[in-house]
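Single-letter residue listing:
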Amino acid sequence: MHILRSLGPAVPRVSGVEALRAGLGALIGLGLTGLFLLSPGIDLALGLYLVAPFGASAVLLFAVPNSPLAQPWSAIVGNTVGALVGVAVCLLVGDETLRIALAVGLAITATILCRALHPPAGAVAMTAAMSPEAVADLGFWFAVAPIGIGTTALVLLATGYARLTGRHYPFRQFDDPSKHRTEDRNPTERLGLSEEALTGILERFSQSFNLGVEDLARLIGAAELQAAAQSTGPLTAQDIMSRDLVTARPETPLGDIADIFRKHRFTSLPIVGHDAMFLGVIFQMHLITQAREDALRLKRGYLPALRRLLDRDREKPMTASDIMSVAVPRVTTNTPIGALLPMMADGETDAVPVIAYGKIVGIVTRTDLIAALARRAARS
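Residues numbered from 1 in each chain as written. Predicted model: local features only at pLDDT ≥ 70, side-chain atom pairs only at ≥ 80, totals over all residues. Heavy atoms only, no water.

Q: Hey, could you go over the overall build of the chain for me, with residue numbers and the actual values?
A: Broken down by element type, the chain carries 17 helices and four strands. Taking all 380 residues of the chain together, the buried fraction comes to 39%. Of the roughly 21,400 Å² that the chain leaves accessible, carbon and sulfur atoms contribute 62%. (Helix = DSSP H or I, 4+ residues; strand = E, 2+ residues; numbered from the N terminus. Buried < 20%, exposed > 50% of the residue type's maximum accessible area, 1.4 Å probe, protein only. Areas by Shrake-Rupley, 256 points an atom, 1.4 Å probe, with all protein chains shown as cover.)

Q: Break down the packing of helix H4 (residues 72-92) against helix H8 (residues 144-164) for me, citing the residues and quoting the values.
A: Between two packed helices, both the angle of their axes relative to each other and the distance between the axes serve to describe the pair. Direction vectors running N to C along H4 and H8 enclose 165 degrees, while the axes themselves pass 9 Å from each other. Taken as axis vectors, H4 and H8 run roughly antiparallel relative to one another. Where H4 crosses over H8, the two elements pack in a sense that is right-handed. Residue-level inspection shows Pro72, Ala75, Ile76, Asn79, Thr80 and Ala83 of H4 in contact with H8, the latter providing Ile147, Gly148, Thr151, Thr152 and Val155. Classifying every residue of the contact of H4 with H8 by side-chain character gives six nonpolar, five polar and no charged. (Axes fitted to C-alpha atoms, helices over the stretch in contact; angles between N-to-C directions. Parallel < 35°, antiparallel > 145°, perpendicular 65-115°, else oblique. Left-handed = near helix turned anticlockwise from the far one by under 90°. Contact = heavy atoms within 4.5 Å. Nonpolar A, V, L, I, M, F, W, Y, C, P; charged D, E, K, R; others polar.)

Q: Please give an account of unusual backbone geometry that cites residues and values.
A: A cis amide bond links Ala145 to the next residue, Pro146, at an omega of 20 degrees. Following Tyr169, the chain continues to Pro170 via a peptide bond in cis, the omega torsion being -5 degrees. Note that Pro170 resides in the loop between H8 and helix H9 (195-204). If you check the backbone angles, Arg115 has positive phi at about 55 degrees while not being a glycine. You can see Arg115 is positioned in the loop between helix H5 (96-113) and helix H6 (120-129).

Q: Could you give an account of the side chain of Glu18, naming the residues involved and the relevant values?
A: Inspection of the secondary structure assignment puts Glu18 in helix H2 (residues 16-37). Under the relative-accessibility criterion, Glu18 is labelled buried at 19%. Dropping the residues within four chain positions of it, Glu18 is found in contact with Ala63 and Arg167.

Q: Which residues make up the pattern of salt bridges, and what values do they have?
A: By the definition in use, this model includes five salt bridges. With its nearest N and O atoms 3.2 Å apart, the salt bridge here joins Glu18 to Arg21. Linking Glu18 with Arg21, this pair stays in helix H2, spanning three residues, or about one helical turn. Among the charged side chains, a network of salt bridges with common partners joins Glu18, Arg21 and Arg167. (Salt bridge = Lys/Arg side-chain N within 4 Å of Asp/Glu carboxyl O.)

Q: Describe the packing of aromatic side chains, and please don't skip the residues or the numbers.
A: For the structure shown, the criterion picks out one aromatic pair. On the numbers, 5.9 Å between centres and 70 degrees between planes, the contact of Phe62 with Tyr161 is edge-to-face. Note that Phe62 is positioned in helix H3 (residues 53-63) and Tyr161 in helix H8, a separation of 99 residues in sequence. Like Phe62, the residue Tyr161 is buried in the burial classification. (Phe/Tyr/Trp six-rings, centres within 6.5 Å; stacked < 30°, edge-to-face > 60°.)

Q: Outline the environment of Asp256, supporting the account with residue identities and numerical values.
A: Position of Asp256 relative to the elements: it lies in helix H12 (residues 254-264). Taking the C-alpha atoms as reference, Asp256 lies 9.0 Å from Thr319; in sequence the two are 63 residues apart.

Q: Any details on the nonpolar core? Residues and values, ideally.
A: Within soluble globular proteins, side chains that are nonpolar tend to cluster in buried spots. Ranked by internal contacts, the top residues of the largest apolar core, which has 28 residues, are Phe54, Leu61, Phe62, Ala83, Phe142, Ile147 and Tyr169. Only H2, H3, H4, H6, helix H7 (132-138) and H8 provide two or more residues apiece to this core. Sorting elements by how many residues they give to this core places H8 first, with seven residues. For Ile147, the contacting residues outside a window of four places in its chain are Val51, Phe54, Asn79, Thr80, Ala83, Val124 and Phe142. Ile257, Ala258, Phe261 and Leu269 belong to the second largest nonpolar core, which has 14 residues in total. (Core = buried A, V, L, I, M, F, W, Y, C linked by side-chain atoms within 4.5 Å.)

Q: Quick one: what's the story with H12, residue by residue and with numbers?
A: Those residues of H12 that sit buried are Leu254, Gly255, Ile257, Ala258, Ile260 and Phe261. Positive phi appears at Arg265, one or two residues downstream of H12, with a value of about 60 degrees.

Q: I'd love a proper account of empty space enclosed by the protein, names of residues and values included.
A: In total, this model carries one cavity of 30 Å³ or more according to the counting rule given. Its volume calculated, the largest cavity comes out at about 30 Å³. What lines the largest cavity is simply Arg21, Leu61, Phe62, Pro65, Ala158, Tyr161, Ala162 and Arg167. Counting only elements with at least two residues in the lining of the largest cavity, the list comes to H3 and H8. A per-element tally of the lining of the largest cavity places H8 first, with three residues. In the lining of the largest cavity, the residues fall into six nonpolar, no polar and two charged. (1 Å grid on protein atoms, 1.4 Å probe; cavity = no way out; pocket = protein on both sides within 12 Å on 5 of 7 lines; lining within 4 Å. Points joined across faces, edges and corners; volume = space filled by probe spheres on them.)

Below, the structure written as structure tokens:
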């Protein structure tokens, strides 16, 4: 039974949407690359055509863009080095079987030494070794066209497609700036471990080709956060939430909203409809962002734009419904506070509404959560 189970799928279940996203990306990437490489305006004698290994590259670039094997350096340099090795072996070795095996083996060694391991590079080398006629015509130009140019085109298309579909490619590096554009790492990734230490862990477990340093940092951070969540005990959102709520209606002018923020020193304000039905939240930052956008649009200073935004005497004053956020995290009264930690740890969420039957019954702010954790720590 154990042997049979080991023969089953090793990849966890993936949603149909993600599968469709990856497949559609490969379709678009190879389709556009094919149109470019096979354009009637390009002389095919230069060797601009699609090769089978591009299909394997598309799998990595569009289906697993976080993989170290799919990053631009690995893809472009790996395929190019594989092509150079394949051409060289094809020109020097006459026996076909030996030529193919030698080309693939040397391509693997060369790409590893170049820190550019990319599985399709082996197929690129094999393609060259199996095509002595094409190699005789193109020589080492084969590594430039179609391999180098085609792989570069796929990488550029994968980069654009990832941004359009909410993914990150190329994947951010360990020392990239945080989302706040500072040198500090994101809060959930501050592990106290250096890049060298994380690299050492990957090398110790022979995972350098399967997982990047940034991926490992994110996973360790998520695991620590999950462990902290489980150690918080049975406390729920109902136990720590603020109950005496100050709310506003969707038709409340922004001038009045600003007064509420100023009076109570809130950073967030729930917007409710009839019978306290929850509609959305206005964060203080929404006012600042809206004023900044108005200033850019009208080519005026920030302060005049803010005054205009909050002007109660305008013919049609802006109201809460114009800037409130509807798609915000929300919880129920029975949600354990451990589930609130990931929502607030990254700094993007200041407060989470607590909802019961569509009505807001409380709100958990970051201050509420920190106070609860501090009390828990003091008792332990």
